[in-house]
Protein chains: 4
Amino acid sequence: MSSTYGEKLKITIFGQSHSAAIGVTVEGLPAGISVDTERLAAFLSRRAPGKDPTATARREADEPEFLSGLSEGVTCGAPLTAIIRNTNTRSGDYSNLRDCPRPGHADYTASVKYGEAHDIAGGGHFSGRLTAPLCIAGGIALQILEGMGISVGAHIVRIGNEKAERYDPLSPDLSILDTFPVKSEEEEARLRGEIMAAKEAGDSVGGMIECAVTGLPAGLGDPMFDGMENRIAKIVFGIPAVKGLEFGCGMDCAQMRGSESNDAFRIKDSRVVTATNNAGGILGGITNGMPLIFRAAIKPTPSIAIEQDSVSLSEMKEKKLTVKGRHDPCIVPRAVPVMEAAAALAVLDCILSK
Amino acid sequence: MSSTYGEKLKITIFGQSHSAAIGVTVEGLPAGISVDTERLAAFLSRRAPGKDPTATARREADEPEFLSGLSEGVTCGAPLTAIIRNTNTRSGDYSNLRDCPRPGHADYTASVKYGEAHDIAGGGHFSGRLTAPLCIAGGIALQILEGMGISVGAHIVRIGNEKAERYDPLSPDLSILDTFPVKSEEEEARLRGEIMAAKEAGDSVGGMIECAVTGLPAGLGDPMFDGMENRIAKIVFGIPAVKGLEFGCGMDCAQMRGSESNDAFRIKDSRVVTATNNAGGILGGITNGMPLIFRAAIKPTPSIAIEQDSVSLSEMKEKKLTVKGRHDPCIVPRAVPVMEAAAALAVLDCILSK
Amino acid sequence: MSSTYGEKLKITIFGQSHSAAIGVTVEGLPAGISVDTERLAAFLSRRAPGKDPTATARREADEPEFLSGLSEGVTCGAPLTAIIRNTNTRSGDYSNLRDCPRPGHADYTASVKYGEAHDIAGGGHFSGRLTAPLCIAGGIALQILEGMGISVGAHIVRIGNEKAERYDPLSPDLSILDTFPVKSEEEEARLRGEIMAAKEAGDSVGGMIECAVTGLPAGLGDPMFDGMENRIAKIVFGIPAVKGLEFGCGMDCAQMRGSESNDAFRIKDSRVVTATNNAGGILGGITNGMPLIFRAAIKPTPSIAIEQDSVSLSEMKEKKLTVKGRHDPCIVPRAVPVMEAAAALAVLDCILSK
Amino acid sequence: MSSTYGEKLKITIFGQSHSAAIGVTVEGLPAGISVDTERLAAFLSRRAPGKDPTATARREADEPEFLSGLSEGVTCGAPLTAIIRNTNTRSGDYSNLRDCPRPGHADYTASVKYGEAHDIAGGGHFSGRLTAPLCIAGGIALQILEGMGISVGAHIVRIGNEKAERYDPLSPDLSILDTFPVKSEEEEARLRGEIMAAKEAGDSVGGMIECAVTGLPAGLGDPMFDGMENRIAKIVFGIPAVKGLEFGCGMDCAQMRGSESNDAFRIKDSRVVTATNNAGGILGGITNGMPLIFRAAIKPTPSIAIEQDSVSLSEMKEKKLTVKGRHDPCIVPRAVPVMEAAAALAVLDCILSK
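## Observations regarding helix 5 (residues 228-236) of chain B
Most of helix 5 of chain B sits inside the fold, with nine of its nine residues counted as buried. Every buried residue belonging to helix 5 of chain B is among Met228, Glu229, Asn230, Arg231, Ile232, Ala233, Lys234, Ile235 and Val236 of chain B, and all of these are buried.

## Digging into the sheet that holds strand 11 (residues 242-247) of chain D
The strand order 9(C)-8(C)-10(C)-16(C)-11(C)-11(D)-16(D)-10(D)-8(D)-9(D) describes an open sheet built from ten strands, whose pairing is antiparallel. Both edges of this open sheet fall to strand 9 (162-163) of chain C together with strand 9 (162-163) of chain D, since each of them pairs with a single strand only. Here strand 11 (residues 242-247) of chain C pairs with strand 16 (residues 292-298) of chain C via five bridges, running antiparallel. Each residue of the ladder has a partner; that of Val242 of chain C, found in strand 16 of chain C, is Ile298 of chain C. Against the sheet, helix 7 (residues 332-353) of chain C contacts strand 8 (151-159), strand 10 (207-214), strand 11 and strand 16 of chain C, and its axis sits at roughly 145° relative to strand 8 of chain C.

## Here's the deal with empty space enclosed by the protein
Counted according to the given criterion, the structure contains twelve cavities of 30 Å³ or more. By volume, the largest cavity is sized at about 1700 Å³. Lining the largest cavity we find 50 residues, and of these Lys10 of chain A, Gly6 and Lys10 of chain B, Lys10 of chain C together with Lys10 of chain D sit closest to its centre. If you list the elements that add at least two residues to the lining of the largest cavity, you get strand 1 (4-5) and helix 5 (228-236) of chain A, strand 1 (4-5) and helix 5 of chain B, strand 1 (4-5) and helix 5 (228-236) of chain C together with strand 1 (4-5) and helix 5 (228-236) of chain D. Its residues placed into classes, the lining of the largest cavity shows twelve nonpolar, twelve polar and 26 charged.

## Details of the interface of chain B and chain A
The interface of chain B with chain A comprises 101 residues on the first partner and 101 residues on the second. Summed over both partners, the interface of chain B with chain A comes to about 8000 Å²; 63% of that surface belongs to carbon and sulfur atoms. Of all residues in chain B, the largest losses of buried area upon contact with chain A belong to Phe225, Lys243 and Phe265 of chain B, amounting jointly to 11% of the total for that side. Inspection of the region where chain B meets chain A yields eight salt bridges. With its nearest N and O atoms 3.0 Å apart, the salt bridge here joins Glu229 of chain B to Lys243 of chain A. At the boundary of chain B and chain A, one finds 47 residue pairs in polar contact (both at pLDDT 80 or more). Within the side of chain B that touches chain A, the residues separate by chemical class into 51 nonpolar, 31 polar and 19 charged. Pairing geometry for strand 11 (residues 242-247) of chain A and strand 11 (residues 242-247) of chain B, over three bridges, is antiparallel. By the bridge assignment, Gly244 of chain A is partnered in strand 11 of chain B with Glu246 of chain B.

## Comments concerning the side chain of Glu340 of chain D
All names here are of chain D. Of note, Glu340 is situated in helix 7 (residues 332-353). A relative accessible area of 5% means that Glu340 is categorised as buried. Non-local contacts of Glu340, meaning those with residues more than four positions away in its chain, are made with Phe43, Arg46, Leu142, Val152, Gly153, Ala154 and Cys211.

## Digging into the packing of aromatic side chains
Overall, the coordinates contain 16 aromatic pairs over all chains when judged by the stated rule. Centre to centre, the rings of Phe247 of chain A and Phe237 of chain B are 5.3 Å apart; their planes meet at 90°, and the pair counts as edge-to-face. Of this pair, Phe247 of chain A sits in strand 11 while Phe237 of chain B sits in the loop between helix 5 and strand 11, placing the two residues on different chains. The exposure classification of Phe247 of chain A matches that of Phe237 of chain B, with both residues buried. Site record: aromatic cluster; members linked through ring pairs are Phe237 of chain A together with Phe247 and Phe294 of chain B.

## Here's the deal with the packing of helix 5 of chain C against helix 5 of chain D
Here helix 5 of chain C crosses helix 5 of chain D at 175°, and the two axes come no closer than 8 Å. One way to sum up the angle between helix 5 of chain C and helix 5 of chain D is to call them roughly antiparallel. Only Asn230, Ala233 and Lys234 of chain D of helix 5 of chain D make contact with helix 5 of chain C, whose side of the interface consists of Asn230, Ala233 and Lys234 of chain C. Partitioned by chemical class, the residues of the contact of helix 5 of chain C with helix 5 of chain D number two nonpolar, two polar and two charged.

## Side note on the relation of the copies chain B and chain A
What connects the two chain copies is a rotation about an axis and a shift along it. Mapping chain B onto chain A is achieved by rotating through 180° and translating by 0.0 Å along the same axis, at an RMSD of 0.0 Å. In the structure described here, the two chain copies are related by an operation that fits a two-fold rotation axis. Taken together, the interface assignments show that 100% of the residues at the interface of chain B recur at the interface of chain A, consistent with an identical surface on both copies.

## As for unusual backbone geometry
Among all residues except glycine, the phi angle is most often negative; among peptide bonds, the trans geometry is most common. Residue and element names in this part refer to chain D. The backbone of Ala241 sits at a positive phi, close to 85°, despite the residue not being glycine. Structurally, Ala241 can be placed in the loop between helix 5 and strand 11. Take Ala241: its relative accessible area is 17%, and that puts it in the buried class. Look at Asp269: it is not a glycine, yet its phi comes out positive at around 50°. Residue placement: Asp269 occurs in the loop between strand 12 (265-268) and strand 13 (271-274). The exposure class assigned to Asp269 is exposed, which follows from its relative accessible area of 68%.

## Topic: helix 4 (residues 185-200) of chain C
Within an α-helix, residues lying three or four positions from one another point in the same direction, as the helix has 3.6 residues per turn. Residues and elements named next belong to chain C. Here helix 4 is 16 residues long and its end C-alpha atoms lie 22 Å apart, about the 22 Å a rise of 1.5 Å per residue gives. Here helix 4 has its buried residues at Glu187, Glu188, Leu191, Glu194, Ile195 and Ala198. For helix 4, the angular spread of the buried residues around the axis is 130°, confining them to a single face. In helix 4, those exposed residues whose orientation departs by more than 90 degrees from the buried face are Glu185, Ala189 and Glu200. Phi for Gly202, located one or two positions after helix 4, is positive at around 65°.

## So, the pattern of salt bridges
One pass over the full model with this rule turns up 92 salt bridges over all chains. Across the pair Asp173 of chain A and Lys183 of chain A runs a salt bridge, and its minimum N-O distance is 3.4 Å. Of the two residues, Asp173 of chain A sits in the loop between strand 9 (162-163) and helix 4 (185-200) while Lys183 of chain A sits in the loop between strand 9 and helix 4, which places them ten residues apart along the sequence. For Asp173 of chain A, a relative accessible area of 42% puts it in the partly exposed group. When its relative accessible area of 36% is taken as the criterion, Lys183 of chain A is described as partly exposed. One continuous salt-bridge network, built from bridges that share partners, spans Glu7, Asp222, Arg231 and Asp349 of chain A, Lys113 of chain B together with Lys8 of chain D.

## As for the side chain of Asp62 of chain C
Residue and element names in this part refer to chain C. Here Asp62 lies in the loop between helix 1 (37-45) and strand 4 (65-68). Residue class for Asp62 comes out buried when judged on its relative accessible area of 18%. Within the structure, Asp62 has its side chain in polar contact with the side chain of Arg129 (distance 3.2 Å). Those residues in contact with Asp62 that sit more than four places away from it in its chain are Leu44, Arg47, Ile84, Arg129 and Ala132.

## A few points about the confidence of the model for chain A
Residues and elements named next belong to chain A. The predicted model of chain A has a mean per-residue pLDDT of 94, with 95% of residues at 70 or higher. Note that pLDDT drops below 50 for residues 53-58; the model gives that stretch five contacts with residues more than four away or on any other chain. This prediction of the complex comes with two scores: 0.96 for pTM and 0.96 for ipTM.

## Remarks on the environment of Ser312 of chain B
All names here are of chain B. Residue position: Ser312 is located in strand 17 (residues 308-312). With a relative accessible area of 0%, Ser312 lands in the buried category. The spatial distance from the C-alpha of Ser312 to the C-alpha of Leu348 is 45 Å, given a sequence separation of 36 residues. Excluding anything up to four places from it in sequence, Ser312 contacts Asp99, Lys317 and Lys319.

What counts, and at which threshold
Residues numbered from 1 in each chain as written. Chains lettered and ligands numbered in written order. Predicted model: local features only at pLDDT ≥ 70, side-chain atom pairs only at ≥ 80, totals over all residues. Heavy atoms only, no water. Buried < 20%, exposed > 50% of the residue type's maximum accessible area, 1.4 Å probe, protein only. Helix = DSSP H or I, 4+ residues; strand = E, 2+ residues; numbered from the N terminus. Pairing = 2+ DSSP bridges. Contact = heavy atoms within 4.5 Å. Axes fitted to C-alpha atoms, helices over the stretch in contact; angles between N-to-C directions. 1 Å grid on protein atoms, 1.4 Å probe; cavity = no way out; pocket = protein on both sides within 12 Å on 5 of 7 lines; lining within 4 Å. Points joined across faces, edges and corners; volume = space filled by probe spheres on them. Nonpolar A, V, L, I, M, F, W, Y, C, P; charged D, E, K, R; others polar. Buried area = accessible area lost by both parts, 1.4 Å probe. Salt bridge = Lys/Arg side-chain N within 4 Å of Asp/Glu carboxyl O. Polar contact = N/O pair within 3.5 Å; in protein donor to acceptor, adjacent residues only side chain to side chain. Phe/Tyr/Trp six-rings, centres within 6.5 Å; stacked < 30°, edge-to-face > 60°. Parallel < 35°, antiparallel > 145°, perpendicular 65-115°, else oblique. Least-squares fit on C-alpha atoms with pLDDT ≥ 70 in both. Expected span 1.5 Å × (residues − 1). Arc of directions from axis to C-beta. pLDDT = per-residue confidence, 0-100.

This is the structure in structure tokens:
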């Protein structure tokens, strides 16, 4: 089912951008886990809109309401459901998109699939807003993983033409700035510059996020179609705008020799480790105990102010389109916690499935 | 389940490199389909070992035996099972790997997961040999798709430092040379050169495969976790050695502006098309009717002749390893039909699930 | 996953008896279906508590709030979620049950499974109240089936020692009284008598429900583990208190000869029919076009006023238990629409999976 | 998928009655389990045809060939596949059934579902012969359960008009005669008498099997749709000819009062037990530590020598049918180990899923 993910920890995401609410049901959470709602709120605020500290007028963070699955703040074994009410929706902005689809969006493909019934307002079920319930589930997963000594972090490694430093694959430092998900103010300034330049041009810009999971034991994951890569891919490609995904040295392995890409085994502190981490912590779909590392490419926000070429579906002729409304010139910073949430869910599900 | 893939067209792959047989069960094939076993054999021979025309001594192609699911050569609605007997296995070559795992292989991670019981000979269930049953299932899927006017092709676009031309994303020409899966003899010469150079160095080399599916209707795939990208990712990361996957412009979208990456809509021959195909034929997880295009990076064969650093697991100390046996210096050419098989299975399953 | 049912039409039920809300998410509903909320409310009122017409003080029916999946009252293709707020809960009544489990209830088994974290109030996720969201989903399925010419009905065929007439298996008349789900006032009087007698004794009583689906085409269902019987069994045994299930002549087939149980084929109005319907409309797991008929036995409500033998789990010694609160002396009448909902969901899922 | 069962221990059954082979793939078996193939063969021989000791000419027992999943007789973690070759098939006997379906068989419904392509010979994938691979998987599961102190047994409690004694639900004695799956020679004589009487009349007869699982811990199973009843129902209704299934007091609960059906809790040997076992060891879908008990009704073999009323599908007119070939007058004795296999698979899967 398209809005469901997971084997033992199963999440089901529901809602449209402009429906009464959006939400998530999480089945399979262990009973007896205390959910720290304040830390969860802090995590959710990282993907909330209007968050930039330079902005004075800040919209309230999305606040989840827990409908079930908790008993006095503790998971009780029953499915956990949390919702976020949709407010402040202006559906009128979207009325013309049913006939004249936005390039790069799902407007056209969803209308082919669902016909007239498709809820196009705000992108419907395809909206990036649906990553909020993913983050509720993922935020809880992150807390559970932390209790197991497993950390998940993500940061931006590219926006447009500007790059930021990647993690040390042997020992990633997961800390980021409060103001922007990179390591240094110098990087923040350069990457923000790319975003602002795109914004000023009425355009948008893409980027790349790197995610690392540390503290994983060796032996997690399954061969073939339920390997750790497959599990992460299935959830990460469920984040809107992701067009590429790579593990460890990733795409670069195409250029390498075996003597270069093979990670030599070593003994360190009585544990088996590897001297390099081109595998990104995964061999044969199974974790080897080294940091799990992947990178995902995020395409530029398709909604841009610049006039674009589209078509009128009713008249079947070409037509110019100007997208109304305010849109992020770059969703990459807000997608960083979403990537952490996705990784946490994939990893925790894998652990619980073991 | 790790060796099972698919929603309505479900494949289950079984076997180890040195077990009595390897095989596949395919559930959900429509009844009444005539399987052309000769064409299937021709397809399978593309991934068979020892296939290079310059080699005089050619091993026999793997020949599938159909145990069930066919009645007089026609699918009968019951699960189809086909097996290939394993012969010519020399398990002795692998005896030392249980203690001293090969870098880059699943030897170590599988031994953590399964303990002493792991069947390490030939890589066990993790062996690239298990792509043969995937190709049986995929070869049948290709025939069914062809009957629907859908074509699937793949070719090599990189080996080490040498590149071959990519498909025209708007109108890919799926033809390849008989001798090597590229378009021209010039490309063949350069890419083969990379392989031979690695071989002579006792080393191996990686590469990248591009795959295209043409003739797809718009509207296939589902939002979120069952989008076309997710479906393809789940099966493609099940092919050993794949470390990266991208759709359309893929990783490059991180460097693009929205005005550049958005594919403008056009009307052509009374159909909605796009002027470019950066989306790789997929918007919101759903096909838009343009060619579906993806690329996968294949890491170098981990088994190399050069001495490597490994460890003795019993003694927990570092140890040099020399891998015995004959191994492909580059598995990329043989992985090309595997990629086609994977794409065909993902697409046909998606069509049947609709 | 335990609270999820279905292949293409997937329902996920959430909530506990005393959580903020209970609800259901339905994935896979075709887009473009108009949901008649008034008829749905009428259907839900059949299982609502306090419904008996002899009672003057009537509690309000449970009213669903649709959070997603509808756009102007029409299904839009996205998951549909509806919730019912829990009000009027008195959790204090349940405080002693954590230590002293009610015989016949899940109190003990849930506490073994979930430990202290189990939400015991009102039965938690195991409460019969969770059949309300099942009825929301099922009520929508019933409307869709009706549009396909398929009818689902159920009635009571036994309460304690009193029986009511079964359906004619060849041509079931699905109509029931408004006041009680049987055919005649005479039956109502007798069956109600059994319930009142149990109530007066501070006891409860069980019963049997028969359900029929008419208008089904032949050819629905799959062999082996996804046969129509398996599909119905999986959902029907999810209704609390069901302890037995039979199709067609059911348990009686154990006493029959083949010449008696085999349903002879006939031609009627140019269609293949059977002369009898011992198969309950299913052969080899697949519908044969005759009415699908099954019966489920419902055990007596475990919560009774009579003092019972239980144990103190903390002291591990035997202890008398008197269950507080008001409980139905017989849940069978309210379970009738639940059975219809379950059958409708199983059948519609099977149709959509085809 | 219709021929697949299980969550963590997943079986996929393939083959038709007259295909080259029938078999099963089992995914999720723990690695390191030694399979006792002699005991497995003994178990399989209990369902093998021609087994009756009074018969002098005995056909060879079906012998499984293990294709994968074992390494020197021990499970290695990879999917285990075992096949049985079909020999001695006489497909010609079935040629007329495509046009003139046997009453009570899947001939008609399968032909509606699969059309001309259906492999009707011997019942195809619907044949009772497909319970042989189920028994291979189940026989292995039984060995694993035994190692956990869990026993599974089944026996006949009814054939036609003759009954045999049921298990003591508090402490079932699982032993049966070598010659017939009942407790005493007196029962054997009576039940065999029913079978012989049916045989002499050219007819067949049904029966009921009771199955018990002892040694189960409390806390296995899940609420709602993955309760122990649902899990067992999904596999048991996959056994051909099962038309009814009940747990504990089962259908009789419809006639009971709560004070009678509720199983009082007791303390015995410092464990929580129940004074009666009407629940059949399951409360709220979860085991309570008491013996798990269920009964399944098996309809008479549809293939009988007596002439029957059928139809010609090509001419759409009524036609007499005489079924050729030799058929069991009663499949109930051979279904007893199948029921044990099904119960073992359901229980072991549930344990592994925990």
